[in-house]
Amino acid sequence: MAQPIVTPGPTSPTPRAPRLPRWLFWLIPLALLPLPLYLDQYRQYVVNLILVYVPVAIGFNVVIGNLGLLAFCNVAFFGIGAYTSGVLALKLGLPWWVTILPAGLMGALAGAAASVPALRGVRLFYLAIMTLAFGELLRWVYIRWVPVTGGSFGMSVPPPNVFGWVLDNEGHKYYAFLALAVITVVLTDRLLRSRFGRAFMAIKDNEQAAAAMGIPTDRYILLAFAWSGFVVGIGGSMYAALIGHITPIAFDLTELILQFAVVMVGGLGSLTGSVLGAALITTAPEFFRPFPGFLELLFGVLIVLVILFLPRGLASLLARLHPLFVDRYYRD
Amino acid sequence: MRLTKIFLTVAAAVATASPAFADNMQGITDKTIKIGNMGPFSGEAAVFNPLNYGPEAYLRYINAQGGVHGRKFETVFADDACNEAKGIAAARKLIYEDKVFMLMGVPCSGVAMAIKPMLEKEGIPWVGPAANPKLTRPTVPAMFHVTYTGIESGQAMAGFAMSNPALKKIAIVEHSNDWAHGYCNPASEYIKSHGGEVLERIAMERGSTDGTTQALKIKSIGAQAVMGCLYQQELIILLRDMQKFGVTAPVIGALGADFDQTVQQVNNPAAVRDKFFQPYQFKAKIGTPALKEFEDMFTKYLTKDELPKAGPPTNFYYFGIPVAIVTVEAFKRAGASPSREKWIAAMESIKDFDTGVLADKINLSKDNHVGVQRMFAVGLDKDGKQTIYSSWGKAQN
Amino acid sequence: MALLEIDNVTVRFGGLTAVDEVSLTVGAGEVCAVIGPNGAGKTTLFNAVSGNAAIGSGRILFQGEPIHGLLPHQISAKGVRRTFQNGGLFGDLTALENVLVGLHARVESGILGVLLASPSARRIETEATARARALLDLMEIGHVADQPAAQLSGGQQRIVEIVRALATEPPLLLLDEPAVGLAPHMREQLVSIIRRLAGQGIGILLIEHAIELVMSVADRVVVLNYGKKVADAPPAAVRADKNVLEAYLGHV
Amino acid sequence: MLAVLPQLVVSGIATGMLYALIALSLTVGYRATTVVNFGHGEMVMAGAYALFVFAGFGLSFAPALILALGLLFLWGALTQRVFMRPIISGPHLSLAMMALAIGYAMRGGARLRWGSEVVTLTRPYSQDVFMLGPMVVTMDDLAISGFVLVLMGSLSILFYLTPVGRLVQAVFQSQRGAALVGLNVHAFHAMMWGVGAALGAAGGALLGLFLPLSPDMGVWTLVRGFAAMTLGGFGSFHGAVIGGLLLGVMEKLLGFYINTVFIDITAYLITILVLLIRPAGLFGRQTVVRI
């Protein structure tokens, strides 16, 4: 064995990036707690929809932003989560809160399955096409597996139930959703700021160099996909609880484009960006309401403009504002 | 701990804040009645938006006559993009923000099913063209069908075919979506329960560019008739390819394709004459004097953007209008100070009411919120003359 | 026993023999430079050692164990670390995060610990971060620790890459053209870093075009030409070798 | 059951010709720029509508078609120049999303203009049916196959007998190298993207001959084109053509002999199977797979 090369001796003080205390983060959900007191059932629903898209976006971002692979199958995880929750509630009569974890786990399983092409070395646009096929095949299964999924009519899911308390009011759902959104954000943040998240980023930037640093890239690709599936699956479960009626058409290519838009507008690879993107893209159609028919055109143009002029999304605006908002991948 | 306490306090506050049940006079003022008109104005299903403009034309016509009991209708449009999440948002906006009296429209069954629990809970009236029979069966206090659901249409398709005793072995060609299954499931039930046989349910997906497989399959299983639960484009392809391979079984198409356009685009009289039929929901042919009144209404009261870019209003405009006609009739009957309860009671009092458009008269009651049953069929006879049939080979009037 | 033993290794790509029955050894604390004209097979030889290229025949032993046929990350975990010719840094990560990736194998936090932020996982992470900072400070680039690697100067990038490779204290380091694009004073610094590492017993295999640098730092020079080894001797002897001159002149 | 086999194959080839054309047009763009146009389906759609518009000016079929293809060539080149070039060195995801978003906006635009009306093209030939032994062949089949074969022939001449083919290959392998030998890579990219768009538009025009136009008509063709590319080998010209033909035939066989519900997912099944069995496709080199 070689001798120690460096002994961390008296270090010269180096300027650190400015940091805020971590507990400040908790002020955000805390400040959001009284929201239902001020919102009507319509606005509250839109807020809840934003909260659904928070896990959907952060999960998606792990694969396309952090791991940097062109996986076009996020709606597959979303749909699996929704259907798992729906089927367990409808066929087995389980309360919604019991179905959340299974929805996440089924999503993770789908994530693992979707990582197979990537593990076989398929990359770039070719990977995009492969994973697209995976998502569309699943949608075909939802349509065909009528006894379980209700086929093309979809299934009506009973109102969500948490510990025997039926959430039949948007304000009630809000608390459950806020808790889930916070949990998924915090867990994903912890994952990304550990050696796992750094490995994802290393694989994105230079796969060969990552392997040369002792990172078993395949294992991490699998992990990223599974985590993405897990988080997005939970988002799917929330979707089922919010909408109450799930149909195969909700998981089609249009939905995929929407989810892409959330991540791209928010900022690739940025957790904060995903949350911002979810908020912006979910509420955008509400602002476009006075122009029915223009929605697709405006939406397309919006994405084009963001890619051209704000390639790192809203998160980069924040980061430009103050270094505090720069995403970091370590803990000290 | 502190966090938990705050959470519990706020949650309790929200829970105890009495859920603001919608006022049963919501949307009614001395001068106006506010109506939410919801449908797909964007996305693939936007082709169905004449179902929203049809009733709007009628409301504008009524407004031009001075309104009902001195009140004029005020419509708030909302786009649901035929997507459940967007649809719920749209419906909630209409109900809680715009505070409309009732909802009209919502042609997409998925969206209608998704907003149903909310409408039920809040007692918001709905009248619309979504074909899913589960919307009004079992009866829900405030939801009404005054147009044909999938059950009536599907049974009419099968019933028309089976009114010809020679047609017993029937094949179904359908899209794999709720729309198609909404028609072909009841059709299939009807065939089986009336001594016929469903040989095979053949899939033909949206966007198909070729119907060779389906046509050859129909031929090889020896089907005597075909139920085609297909949108217009695929129906045209199927008819064309059946002709190409000499498959002579008649095709009964579902509502959802425009008969005239289909015939015109197949562009081959031999492929449709005495061979292609469709249930017919109107009392007379579109473009004939019996329906002229409505055509004038559309062209007079709708804007250029709301009308077809070319040609006269299509059958979707006519299919949409009974929704408004019956709604207005109920407002007339509900008296000078309408409330939701009075309006619903007025709806349920409607018997043998002739809309002037539909083949059947409207009959509603406390236990039955599906207003129409009987349909005709339309087709070209052996000479190529468009005919409305009451049963196989038997022309109506 | 030599630290690294390359024994009769051949690497073929299709019909092309990139490395042809090459043998060489690197001992602990030894700096062995591989030189040769473009296309001589130097980088391919590196790739064979680090597991990025499969060998056709021969053996590669590290500390007496065969490592050919292992995957790159397994070889890395055994203690063979490398740098890359065209900058193998992770551009979107900061210098600090790059070094942390280098420490990956040493940060043994489990996924559950990370997700639950268990005290031990937190401790492991903060310790690793402190160590990474210390390493950067030691190489006198601590002030750029929080800048994205892509924004660093060429020299800083090269040093970060070496720090990253050294973070786990590997016995053997493969440096692929570390001096490319460096200003003269940075080259001197590089030479002193290499000497210091060798002085601490690390074996170094070096590919370099800058002959002066090679001559000043290497204990032994191996010359490749058309995939074949044409010389293997101390710098002074190689300088006088006729084969070597021919290999280079033949290409001018 | 076997009696219809020849008919299925013949009809499958006729359909496959269209898929082949779409796959080929995708491949042209991909080979020249190494970027897959995820908004290509809308170029197909736009081709059909452009033909409709020009025909509406009273032009006969051939000049209207030429104008439509020219327009789409310009539009393709313009999108590459204005939208793709500024981000060409950015993440691949941005490139994919950019193309997707342009397509989405085009679809929205088409829906605004034509969404509520039925738009059809008129065939420049009669709608006759021929018997070829026991098989039925329509004029549509012949016209499409003929047109696609002529296009393929001209493309082969372009790529195999003129310097363009070598340029494409050079740019595909090393853009820097191509720039070094004096090729204006940017202009070349824009031009080939335009050629791809024009070829796709030709596919749309052919579709429009026997289908009513709709803003969504491109989406399905894109999926079929991808599957054909994958089957033939990503980036291979003749692979795209053979992949398209095979896909057309397989859809028919799977649909008839197994179940019609499989027609719609044949493309996806093929994509997945190719991955499991032979990721490089029939004629592809391993280049798509990690080095």
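Cut-offs and rules
- Residues numbered from 1 in each chain as written.
- Chains lettered and ligands numbered in written order.
- Predicted model: local features only at pLDDT ≥ 70, side-chain atom pairs only at ≥ 80, totals over all residues.
- Heavy atoms only, no water.
- Helix = DSSP H or I, 4+ residues; strand = E, 2+ residues; numbered from the N terminus.
- Expected span 1.5 Å × (residues − 1).
- Bend = angle between axes of the 7 residues up to and from the residue.
- Buried < 20%, exposed > 50% of the residue type's maximum accessible area, 1.4 Å probe, protein only.
- Pairing = 2+ DSSP bridges.
- Right-handed = clockwise from strand over helix to strand, strands pointing away.
- Axes fitted to C-alpha atoms, helices over the stretch in contact; angles between N-to-C directions.
- Parallel < 35°, antiparallel > 145°, perpendicular 65-115°, else oblique.
- Left-handed = near helix turned anticlockwise from the far one by under 90°.
- Contact = heavy atoms within 4.5 Å.
- Nonpolar A, V, L, I, M, F, W, Y, C, P; charged D, E, K, R; others polar.
- Buried area = accessible area lost by both parts, 1.4 Å probe.
- Salt bridge = Lys/Arg side-chain N within 4 Å of Asp/Glu carboxyl O.
- Polar contact = N/O pair within 3.5 Å; in protein donor to acceptor, adjacent residues only side chain to side chain.
- pLDDT = per-residue confidence, 0-100.

> Before we move on, could you go through helix α4 (residues 109-122) of chain B and cite the residues and values that matter?
Residue and element names in this part refer to chain B. Compared with an ideal rise of 1.5 Å per residue, which puts 14 residues at 20 Å, α4 spans 20 Å between its outermost C-alpha atoms and is within 8% of the ideal. At Ile115, α4 shows its maximal bend, which comes to roughly 40 degrees, and the proline Pro117 appears one to four places after that position. All of the buried residues in α4 are Ser109, Gly110, Val111, Ala112, Met113, Ala114, Ile115, Lys116, Met118, Leu119 and Glu122. Among the residues trailing α4, Gly123 stands out with phi positive, at a value near 65 degrees.

> Give a description of the pairing of strand β3 (residues 102-105) of chain B that names residues and reports values.
Residue and element names in this part refer to chain B. The pairing of strand β1 (residues 32-39) with β3 spans 4 bridges and is classified as parallel. Bridge pairing in β3 links Met38 to Gly105. As paired strands, β3 and strand β4 (residues 126-127) are joined by 2 bridges and run parallel to one another. Paired with Met104 across the two strands is Val127, which belongs to β4. Regarding the hand of the β-α-β motif, the stretch spanning β3, α4 and β4 is right-handed.

> Could you give me a rundown of the packing of helix α2 (residues 41-66) of chain A against helix α8 (residues 170-192) of chain A, with the residues and numbers involved?
Residue and element names in this part refer to chain A. Contact geometry for α2 and α8: axes closest at 9 Å, N-to-C directions at 20 degrees. By the criterion of interaxial angle, the relationship of α2 to α8 is roughly parallel. Crossing angle aside, the handedness with which α2 passes α8 is left-handed. Contact residues: α2 offers Gln41, Gln44, Tyr45, Val47, Asn48, Leu51, Val52, Val54, Pro55, Ile58, Val62 and Asn66, while α8 offers Glu170, Gly171, Lys173, Tyr174, Phe177, Leu178, Ala181, Thr184, Val185, Thr188 and Leu192. Considered class by class, the residues forming the contact of α2 with α8 number 14 nonpolar, 7 polar and 2 charged.

> Give a description of the interface of chain C and chain A that names residues and reports values.
At the junction of the two partners, chain C supplies 49 residues and chain A supplies 45 residues. Note on chain C versus chain A: buried area summed over both sides is about 4,300 Å², and carbon and sulfur give 62% of it. On the chain C side of the contact with chain A, C:Asp92, C:His104 and C:Leu115 bury the most area, a combined 15% of that side's loss. Linking chain C with chain A are 3 salt bridges, by the criterion used here. Across the pair A:Arg198 and C:Glu125 runs a salt bridge, and its minimum N-O distance is 3.2 Å. Our enumeration of links across chain C and chain A arrives at 14 residue pairs in polar contact (both at pLDDT 80 or more).

> Report on the sheet that holds strand β1 (residues 4-13) of chain C, specifying residues and quantitative values.
As a general point, the strands of a sheet are linked pairwise by backbone hydrogen bonds and lie either parallel or antiparallel. Residues and elements named next belong to chain C. As summarised here, the arrangement of the 4 strands in space is β2-β1-β4-β5, forming an open sheet in which the pairing is antiparallel. The sheet terminates laterally at β2 (16-26) and β5 (65-66), the two strands that pair on one side only. In the sheet, β1 pairs with strand β4 (residues 57-62) via 5 bridges, with the strands oriented antiparallel. Its bridge partner being in β4, Thr10 is matched across the sheet by Ser57. Helix α1 (residues 42-50) rests against β1, β2 and β4 of the sheet, and its axis sits at about 115 degrees to β1.

> I'd like to hear about the confidence of the model for chain B, residue by residue, with values.
Scored by pLDDT, chain B comes out at a mean of 90, with 94% of its residues at no less than 70. Confidence drops under a pLDDT of 50 for residues 13-22 of chain B, and excluding neighbours within four residues, the segment shows 13 contacts in the predicted structure.

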